[in-house]
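This is what each chain is made of:
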Amino acid sequence: MGYYRAMERNTADRRAVQTYMERSGAGRQGAGSRSRGEQGMRGRGAGIPDIRQEAPRPQNRSYTGTRSAAAQRKLRRRRKRRRQVLGFFRFSVCLLLVFGIAVMVKGGITLAGSLSEALGMRREEEARSPILPEDPLYADEYGERLAELLEINEEARDYVKCYPEREDYKSQPIDLTRELSADTVPLLMQWDKRWGYNAYGSNMIGLAGCGPVCLTMAYLHFTGDISMTPREMAAFVDDNGYYAENAGTKWTLWTEGVEKLGLTGEELSLDEGVMKQALDMGGLVVCSMGPGDFTQEGHFILIRGYDENGFYVNDPNRRSNSSRQWDFDTLRGQIRNLWALYG
């Protein structure tokens, strides 16, 4: 439309020029000499430029504007496609992430389930499998007791393991020189293979001999006589009637029985000051313990000293209990009775 309007303006301009020229020729020469006016117009028109030839061609603004709009539309289409591609890419990445997380979670759940199942199978297998080796020698009256001992006290593993060879240990000589050479009260274990398989009443020292072993430790400390081993002490207690069937060591051993060995024993009240006084006088304190840190049923321990951090204990069933100190409040709730022993 711009082009045609420009052409119309040019045509109007040419007509205006032509009218002007005609009027100029008519004013000078008169209306009758038309030819001369035309000649004069040609002559005079020789110095006037022909605007039809020299007029610049108008720019096709409409075409130029059309190209710009098309370019803009093309640019918009490119941007739209780019946004669509980016959107699709982002959606794909998010989808992959969600899928990966789902796979990881599923895999973790599966792995946890597998581990749980494996642990369950392991527990079932352990429950089905016996703690003791499948040896006919473990099938006797002590087999179940040995299994219980091993389950609650890992320190006795070697004692339980060597039970089939127990006859080799029952008659071996026992030398307590090394234990007596210590600067403190000797620590002996009831499940020591040197005497643990020997009889104590209808039981074995390793399973029920905490009383005779505590008395052996006290006797060695006061007398230094290494001939009195836990094996001989268990026989002394049983022969003198201080062993009760299905009950273990009688409490009268710590008063009446020790006198037969040349020692003195007296029952104490459950008082921290009384216990410390007995220890300060050079004595030892024997405690009958109930269920707690030392036993599930009944047990004897020997208290050999104390300081500001607590009491020192000789536990004939666990070395770990003997390597730490115990405060009175912890012991008080587990002590059923106690006695002081003097040399």
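Residues numbered from 1 in each chain as written. Predicted model: local features only at pLDDT ≥ 70, side-chain atom pairs only at ≥ 80, totals over all residues. Heavy atoms only, no water.

Caption draft 1: Up close: a positive patch on the surface. Together, R73, K74, R76, R77, R78, R79, K80, R81, R82 and R83 line one region of the surface with positive charge. Structurally, the position occupied by K74 is in helix α4 (residues 61-128). (Patch = residues over 30% accessible without salt bridge, like charges linked within 9 Å, V, L, I, M, F, W, Y side chains within 5 Å. Areas by Shrake-Rupley, 256 points an atom, 1.4 Å probe, with all protein chains shown as cover. Salt bridge = Lys/Arg side-chain N within 4 Å of Asp/Glu carboxyl O. Lys, Arg positive; Asp, Glu negative; His and termini not counted. Charge placed at Lys NZ, Arg CZ, Asp CG, Glu CD. Helix = DSSP H or I, 4+ residues; strand = E, 2+ residues; numbered from the N terminus.)

Caption draft 2: Looking closely at the sheet that holds strand β5 (residues 264-267). On the basis of which strands lie adjacent, the open sheet formed by six strands has the order β5-β10-β6-β7-β8-β9 and antiparallel pairing. The strands lining the two open edges of the sheet, one partner per strand, are β5 and β9 (325-326). In this fold helix α10 (residues 210-223) packs onto β6 (284-289), β7 (299-307), β8 (310-314) and β10 (335-342), with an angle of close to 35° to the strand it touches most, β7. Along the sheet, helix α13 (residues 272-280) contacts β6, β7, β8 and β10; its crossing angle with β7, the most-contacted strand, is approximately 75°. (Pairing = 2+ DSSP bridges. Contact = heavy atoms within 4.5 Å. Axes fitted to C-alpha atoms, helices over the stretch in contact; angles between N-to-C directions.)

Caption draft 3: Structural context of the confidence of the model for the protein chain. Of all residues in the protein chain, 70% have pLDDT values of 70 or greater, and the mean over the chain is 81. When the criterion is pLDDT under 50, residues 51-55 qualifies, and its contacts beyond four places in sequence or with other chains add up to five contacts. (pLDDT = per-residue confidence, 0-100.)

Caption draft 4: Highlighting the side chain of S288. For S288, the location among the structural elements is in strand β6. Residue contacts for S288: discarding those within four places in its chain leaves W251, H299, F300, Q334, I335, R336, N337 and W339.

Caption draft 5: Examining the environment of C210 more closely. Positionally, C210 belongs in helix α10. Along the sequence, C210 and D315 sit 105 residues apart, while their C-alpha atoms lie 8.5 Å from each other. Not counting residues within four places of it along the chain, the set of residues in contact with C210 comprises Q190, H299, F300 and P316.

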